[in-house]
Amino acid sequence: MAKYPETEPQGGLPNKDYQDPPPAPLFDTAELGQWSFYRALIAEFIATLLFLYVTILTVIGYKSQTDPAHNGTDCDGVGLLGIAWAFGGMIFVLVYCTAGISGGHINPAVTFGLFLARKVSLIRAILYMVAQCLGAICGVGLVKAFQKSYYNRYKGGANMLNDGYSKGTGLGAEIIGTFVLVYTVFSATDPKRSARDSHVPVLAPLPIGFAVFMVHLATIPITGTGINPARSFGAAVIYNNEKAWDDQWIFWVGPFIGAAIAAIYHQFVLRAQAAKALGSFRSSSNL
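Here the structure is a predicted model, which means the values were calculated and not measured. (Residues numbered from 1 in each chain as written. Predicted model: local features only at pLDDT ≥ 70, side-chain atom pairs only at ≥ 80, totals over all residues. Heavy atoms only, no water.)

For soluble globular proteins, the rule of thumb is that nonpolar side chains tend to be buried together. By size, the foremost hydrophobic cluster in this structure holds 53 residues, and its most contacted members are Phe51, Tyr151, Leu181 and Ile208. Of all the secondary-structure elements, those providing two or more residues to this core are helix H1 (35-65), helix H2 (79-98), helix H3 (108-116), helix H4 (122-146), helix H6 (167-188), helix H8 (205-223), helix H9 (229-239) and helix H11 (250-270). Excluding anything up to four places from it in sequence, isoleucine 208 contacts Ile91, Val95, Leu181, Thr184, Val185 and Ala188. Ranked by size, the runner-up nonpolar core spans 6 residues in total, among them Phe37, Ala40, Tyr128 and Ala131. (Core = buried A, V, L, I, M, F, W, Y, C linked by side-chain atoms within 4.5 Å. Buried < 20%, exposed > 50% of the residue type's maximum accessible area, 1.4 Å probe, protein only. Helix = DSSP H or I, 4+ residues; strand = E, 2+ residues; numbered from the N terminus. Contact = heavy atoms within 4.5 Å.)

Pasting the structure below:
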């Protein structure tokens, strides 16, 4: 495996062939006066609306096609593989469309992880999450408005813990699944990767979409796959079922824990930000 040497021409600090963006301020009230900020909120709202609309329709359509009452069988419809492709494919498309406007989060857990890594301010993180949840509610609301009978019959595509699995198992599945997603987000958007692996072009939305696809394949049988609190919340609000609300905490606690672990692992283990900061401080002190 190729190694990339680093030189130390000044004060023992290594030359870098990439540029890390400065940490986002914790409170950046100046954002509230910028049109680009509100444009980003609109992009997150619309992207999450479209995400829920397409994916929930796919879930309901699959259940309708396999319903024995309609002479359906398990071999009919898109199958679990098709559902996983719908979620992963929509994330790929929407991240590609909105990355240059809002960063293409479309997920409160992703926003939370990026906030912990100081990629976005607290104000932006909170308002992104609000926009995402509202978009999810509207997206599922459109599905119910267009196909109300099917929506109610097939449980509205809401995330719920499936029979035979404990809450601990469901929580663990959400933690690990979200870790995979958020870790992929950090890796695919890492400026260090862009510089040092420039000979290997990486279209960031592609691995992110594939991560969503793979996690769905693994966890649909357990929780229906949340890994996105807005997706789970929007479906629960419109479906408004007691079981969906009883399990709702799993789809918030699990993704937020998974996102936090991914942020810590990438920033402070793989990127060793804490060690770099300490080394820079010591070098400056010795000058």
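The geometry of two aromatic rings is summed up by the distance between their centres and the angle between their planes. One pass over the full model with this rule turns up 16 aromatic pairs. An angle of 75 degrees between the planes, with centres 5.8 Å apart, marks the rings of tryptophan 85 and phenylalanine 210 as edge-to-face. One end of the pair, tryptophan 85, is in helix H2; the other, phenylalanine 210, is in helix H8, and 125 residues separate them in sequence. With centroids separated by 4.7 Å and ring planes inclined at 25 degrees, the aromatic side chains of phenylalanine 112 and phenylalanine 256 adopt a geometry described as stacked. Of this pair, phenylalanine 112 sits in helix H3 while phenylalanine 256 sits in helix H11, placing them 144 residues apart in sequence. Three or more aromatic residues joined by ring pairs make a cluster, and in this case those are Phe112, Phe233, Trp245, Trp252 and Phe256. Above the ring of tyrosine 150, the side-chain terminus of arginine 153 is found at 5.4 Å from the ring centroid. (Phe/Tyr/Trp six-rings, centres within 6.5 Å; stacked < 30°, edge-to-face > 60°. Lys NZ or Arg CZ within 6 Å of the ring centre and 35° of its normal.)

The final tally for this structure, using the stated rule, is 3 salt bridges. A salt bridge links arginine 124 to glutamate 31; its shortest N-O distance comes to 2.8 Å. Residue arginine 124 is found in helix H4, and its partner glutamate 31 is found in the segment before H1; the two are separated by 93 residues along the sequence. Exposure class is identical for arginine 124 and glutamate 31. Each is buried. Between lysine 167 and aspartate 247 there is a salt bridge whose closest N-O contact spans 3.0 Å. Placement of the pair is lysine 167 in helix H6 and aspartate 247 in the loop between helix H10 (242-246) and H11, with a sequence separation of 80 residues. (Salt bridge = Lys/Arg side-chain N within 4 Å of Asp/Glu carboxyl O.)

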